[in-house]
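# Inside the fold
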Amino acid sequence: MSQFKFRLQSVQVLRKRTRDQAAESYRQAQLAITMLEDEIQRTLEEHASYTPSPASLTQGAVDPQRLLEAQRYQMHLMQQVAHMRSQITLIEQEAAKRKATLVKCEQAVRSLEKLEDHQREQWQADNQLRAQISLDEWAGFRYWNAEEGS
């Protein structure tokens, strides 16, 4: 008996490879978002560390130059945070596109897998039918040989 051979196997392999590449691309976009969110968190923590406490402002002499530099640096940090948030928005849009591509690729792979399953079932049914016909022919020959011999 012959083995089942799916004629679109090479197409199926290509579609799986494309799906895997799309999944990796989507994963990289998600990773970039996570990294930017972590960087925002670190920048906000650094921003908070430069905020003078009210107690330090009321005690002793205040160096206005140092206070201005700290405020400028805090503004710079907040600008960085705003820039990173805008980057996250752009990356989220790209991630949505990549996810849509991944979904399409997954659907293409699933459709080929369903086709392969259907063809395999049809092949098995055809093989069973041929085996049954062969068995019926053999039984018929045996019957007629037994009838002729008696």
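For the structure, see preceding data.
Note that the structure is predicted; figures quoted are calculated from it, not measured.

## Some thoughts on the overall build of the protein chain
The helix and strand tally for the protein chain stands at three helices and zero strands. The helix and strand sequence of the protein chain, counted from the amino end, reads α-α-α. Relative to the compact-globule value of 15 Å for 150 residues, the protein chain shows a C-alpha radius of gyration of 35 Å, a clear excess of over 25%. The C-alpha extent of the protein chain, read off along each of the three principal axes, is 130 × 25 × 15 Å.

## Things to note about the side chain of Thr43
Positionally, Thr43 belongs in helix α1 (residues 9-49). If we ignore the near neighbours within four places in the chain, the residues touching Thr43 are Leu77, Gln80, Val81 and Met84.

## A look at the pattern of salt bridges
For side chains of opposite charge, pairing can occur when their charged atoms come near one another. Going through the model one piece at a time under the given rule, you end up with eight salt bridges. Of the charged contacts, one joins Glu113 and Lys16 as a salt bridge, the two residues approaching to 3.9 Å between their closest N and O atoms. Of this pair, Glu113 sits in helix α3 (residues 64-149) while Lys16 sits in helix α1, and the two are 97 residues apart along the sequence. Glu24 is the partner of Arg27 in a salt bridge, and the nearest nitrogen-oxygen pair spans 2.6 Å. Taken together, the residues span about one helical turn, with Arg27 and Glu24 both in helix α1 at a distance of three residues. By relative accessible area, which is 43% here, Arg27 ends up partly exposed. Counted as one network, the salt bridges with shared partners bring together Arg19, Asp20, Glu106 and Arg110.

What counts, and where the lines are drawn
Residues numbered from 1 in each chain as written. Predicted model: local features only at pLDDT ≥ 70, side-chain atom pairs only at ≥ 80, totals over all residues. Heavy atoms only, no water. Helix = DSSP H or I, 4+ residues; strand = E, 2+ residues; numbered from the N terminus. Rg over C-alpha atoms; globule rule 2.2 N^0.38 Å. Contact = heavy atoms within 4.5 Å. Salt bridge = Lys/Arg side-chain N within 4 Å of Asp/Glu carboxyl O. Buried < 20%, exposed > 50% of the residue type's maximum accessible area, 1.4 Å probe, protein only.

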